[in-house]
Amino acid sequence: MNQEFFDALYLMEKEKGIPAEYLVEKIKVAIGIAVKKDPAGSEDNIVEIDPVTKKFYVAMRKTVVEEIDDPYTEIVLAEAQKYNKLAKVGDVIEIPLEPKKFGRIAAQSAKHVIRQGIREAEKGLLLKEYQSRQHDIVTATVLKSDPKRGSVTLEIGNSEALLPKSEQVPTEELKDGQKVRVYVVDVQNGEKGPRLMISRTHPGLVKRLFEMQVPEIYDGVVEIRAISREAGSRSKLAVYSRDENVDPVGACIGPKGSRVSSIVEELGGEKIDVIKYSDDPAEFISAALSPANVLSVEIVDEALKSCRVTVPDHQLSLAIGNKGQNARLAAKLTGWKIDIRPESGFYGEDEEEHPVDTAKAEEADQ
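This one's a predicted model, so the numbers in the text were calculated from it and none came from an experiment. Each chain has its residues counted from 1, following the order in which its sequence is written. Thresholds applied to this predicted model are a pLDDT of at least 70 for local features of residues and 80 or more for the giving and counting of side-chain atom pairs; totals over whole chains, interfaces and linings are not thresholded and use all residues. Only hydrogens and water are set aside when side-chain values are computed; all heavy atoms of the structure are taken into account.

*Asks:* Residues and numbers for the overall build of the chain, please.
*Replies:* Secondary structure is summarised from DSSP: a helix means a run of H or I of at least four residues, a strand means a run of E of at least two, and numbering begins at the N terminus for each. What the chain contains, in helices and strands, is 12 helices and 16 strands. The rule is simple: take the accessible area with a 1.4 Å probe, protein chains only, and divide by the maximum for that residue type; under 20% is buried, over 50% is exposed, in between is partly exposed. Per-residue burial over the chain gives 41% buried out of 366 residues. Entry remark: accessible area of the chain is about 21300 Å², with carbon and sulfur atoms responsible for 48%. Only the protein chains shown count as cover for residues, with accessible areas throughout obtained via the Shrake-Rupley method and a probe of 1.4 Å.

See the structure below:
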């Protein structure tokens, strides 16, 4: 019986990934409870399970007496000597038990404790697995879509996760059976177990794609300092090199644009501007407004991070971007409020009559 028990123990460890030591502790607790609940059981019991020596020993302790007042804790001398010939009145003896002889209620109680322990262990393993994926990219399969809420249920490994409509790229249409990569924003441990908070719109998705695609970033030579993103449309990435001999922008773009183009393809054609980070605010802001050329950057209020940028008249629209997107992304990337003005001070027929306050544009966008 012992061999069968330990064989089953190791099989469960292999199939469910739950350590045998953990299962042993839960089973010991379950058997202890079962002994207490058995009509002939005792509050004072001993349960020893040793996977190494294959020892499985269960016993209850009772005090040897001449007359029984409490059958749960006492045993008469004649009965005690069946288990220990040297027993005498006043001794505490161990009475070996076989688990299969426990009562029906006790057995059910033991099963409940063991099952609960296994469920807790499975939740713990799942939480540990999920936490290892936090702030990383995972590949999922689309299971089904909710037409009312717009959410999509994805299969990730042996579990499911919900991709809310707010975390989906507006220009994408996810179909059942489709493979899709998502970014794990957070892991929440609820009553029903751990839950993945996933996204296709989070800037972290772009960051991890570059870390996976660009060896210089993976090796720590090139560092991503900031990202701003409007999912499905455009992203801006500020990069910095720890090695003066390594061009951070060139490393991210790759030979003939191969590295950045593969990421653009992964993101469904989302445009990506890779710019060089600088500790000099004026230089950083100028680069952030790429592809527009900046003539000058005037720091209006350093404490409030407010500046005024001048661009050539013919590049005003390019600097501002479609519906203010380029200026808005530049503001998010740098953390500065940017007012963009034409060199002449005059706006064309298609331009606003006043400078673009990207801080307000960002608030309106949100």
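*Asks:* Please set out the pattern of salt bridges residue by residue, giving values where relevant.
*Replies:* Any two side chains of opposite charge can pair if their charged atoms end up close together. Salt bridges are defined by distance alone: a side-chain nitrogen of Lys or Arg within 4 Å of a carboxyl oxygen of Asp or Glu. Throughout the structure, instances matching the rule amount to 19 salt bridges. The closest approach of N and O atoms between aspartate 91 and lysine 88, which form a salt bridge, is 3.7 Å. Among the ionic pairs, lysine 207 bridges to glutamate 211, the shortest N-O distance being 2.6 Å. With lysine 207 and glutamate 211 both in helix 5 (residues 203–213), this residue pair falls 4 residues apart, about one helical turn.

*Asks:* I'd like a description of unusual backbone geometry, backed by residues and values.
*Replies:* Note that the residue after serine 290, namely proline 291, is joined by a cis bond; omega there is 15 degrees. At lysine 54, a residue that is not glycine, the phi angle is positive and equals roughly 60 degrees. Among the secondary structure elements, lysine 54 is positioned in the loop between strand 1 (45–50) and strand 2 (55–65). Non-glycine residue histidine 135 carries a positive phi angle of around 60 degrees. Along the chain, histidine 135 falls in the loop between helix 4 (104–133) and strand 5 (137–145). Among the residues examined, histidine 135 registers a relative accessible area of 44% and is labelled partly exposed.

*Asks:* Break down the sheet that holds strand 7 (residues 159–163) for me, with residues and values.
*Replies:* Sheet architecture is open: 5 strands sit in the order 7-6-5-8-9, paired in antiparallel fashion. Looking along the sheet, the strands with just one partner apiece sit at the ends: strand 7 and strand 9 (193–199). The mean angle between the axes of side-by-side strands here comes to 50 degrees, regardless of whether they run parallel or antiparallel. Paired strands, as defined in this entry, are two strands with at least two bridges between them according to DSSP. Examined bridge by bridge, strand 6 (residues 152–156) and strand 7 share 5 bridges and lie antiparallel to one another. What sits directly across from valine 152, in strand 7, is leucine 163. Every axis corresponds to a line fitted to the C-alpha atoms, with the helix fit spanning only the stretch in contact, and the corresponding angles, defined between N-to-C directions, vary from 0 to 180 degrees.

*Asks:* Provide a residue-level description of the sheet that holds strand 12 (residues 271–276), including the pertinent values.
*Replies:* Taken in spatial order, the 3 strands of this open sheet run 10-11-12, and their pairing is mixed. Two strands lie at the open edges of the sheet, namely strand 10 (222–230) and strand 12, each paired on one side alone. Ignoring strand direction, the axes of neighbouring strands in this sheet form an average angle of 20 degrees. Here, two residues are considered to be in contact whenever any of their heavy atoms come within 4.5 Å of each other. This element, helix 5, spans strand 10, strand 11 (234–241) and strand 12 of the sheet and lies at about 145 degrees to strand 10. Along the sheet, helix 11 (residues 325–334) contacts strand 10, strand 11 and strand 12; its crossing angle with strand 10, the most-contacted strand, is approximately 135 degrees.

*Asks:* Provide a residue-level description of the packing of aromatic side chains, including the pertinent values.
*Replies:* Side-chain rings of Phe, Tyr and Trp, where Trp is taken by its six-membered ring, are said to pair if the distance between their centres is within 6.5 Å; with planes under 30 degrees apart they count as stacked, over 60 as edge-to-face, and otherwise as tilted. Taken as a whole, this structure holds 2 aromatic pairs when the rule is applied. When the centroid spacing of 6.5 Å and the interplanar angle of 85 degrees are considered together, the rings of tyrosine 240 and tyrosine 277 count as edge-to-face. Of this pair, tyrosine 240 sits in strand 11 while tyrosine 277 is found in the loop between strand 12 and helix 9 (281–288), placing the two residues 37 residues apart along the sequence. A relative accessible area of 31% places tyrosine 240 in the partly exposed class. With a centroid separation of 4.8 Å and an interplanar angle of 65 degrees, the aromatic rings of tyrosine 277 and phenylalanine 284 are classed as edge-to-face. Phenylalanine 284 gets classed as buried once you look at its relative accessible area, which sits at 7%. Through successive ring pairs, a cluster of aromatic residues spans Tyr240, Tyr277 and Phe284.

*Asks:* Which residues make up the environment of lysine 144, and what are the values?
*Replies:* With respect to the secondary-structure elements, lysine 144 resides in strand 5. The exposure class assigned to lysine 144 is exposed, which follows from its relative accessible area of 52%. Separated by 11 residues in the primary sequence, lysine 144 and glutamate 155 place their C-alpha atoms 9.5 Å from one another. Once residues within four sequence positions are removed from consideration, lysine 144 is found in contact with Ser151, Val152, Thr153 and Asp176.

*Asks:* Now, about the side chain of aspartate 273: what can you tell me, with residues and values included?
*Replies:* Turning to its location among the elements, aspartate 273 is positioned in strand 12. Once you skip the residues sitting within four places of it in the chain, aspartate 273 turns out to touch Arg234, Ser235, Lys236, Leu237, Ser290, Pro291 and Asn326.

*Asks:* I'd like a description of helix 9, backed by residues and values.
*Replies:* Those residues of helix 9 lying buried are Phe284, Ile285 and Ala288. The buried residues of helix 9 occupy an angular sector of 95 degrees when projected down its axis, which confines them to one face. Buried residues along helix 9 sit against strand 11, strand 12, strand 13 (296–301), strand 14 (306–311), helix 11 and strand 15 (337–342). Here a polar contact is recorded for every N or O atom pair within 3.5 Å, except that within protein the pair must consist of a potential hydrogen donor and a potential acceptor, and residues adjacent in sequence are included only if both atoms are side-chain atoms. Looking at where helix 9 begins, the residue whose side-chain oxygen comes 3.1 Å from the main-chain nitrogen of alanine 282 is aspartate 280. The directions from the helix axis to the C-beta atoms form the arc being described.

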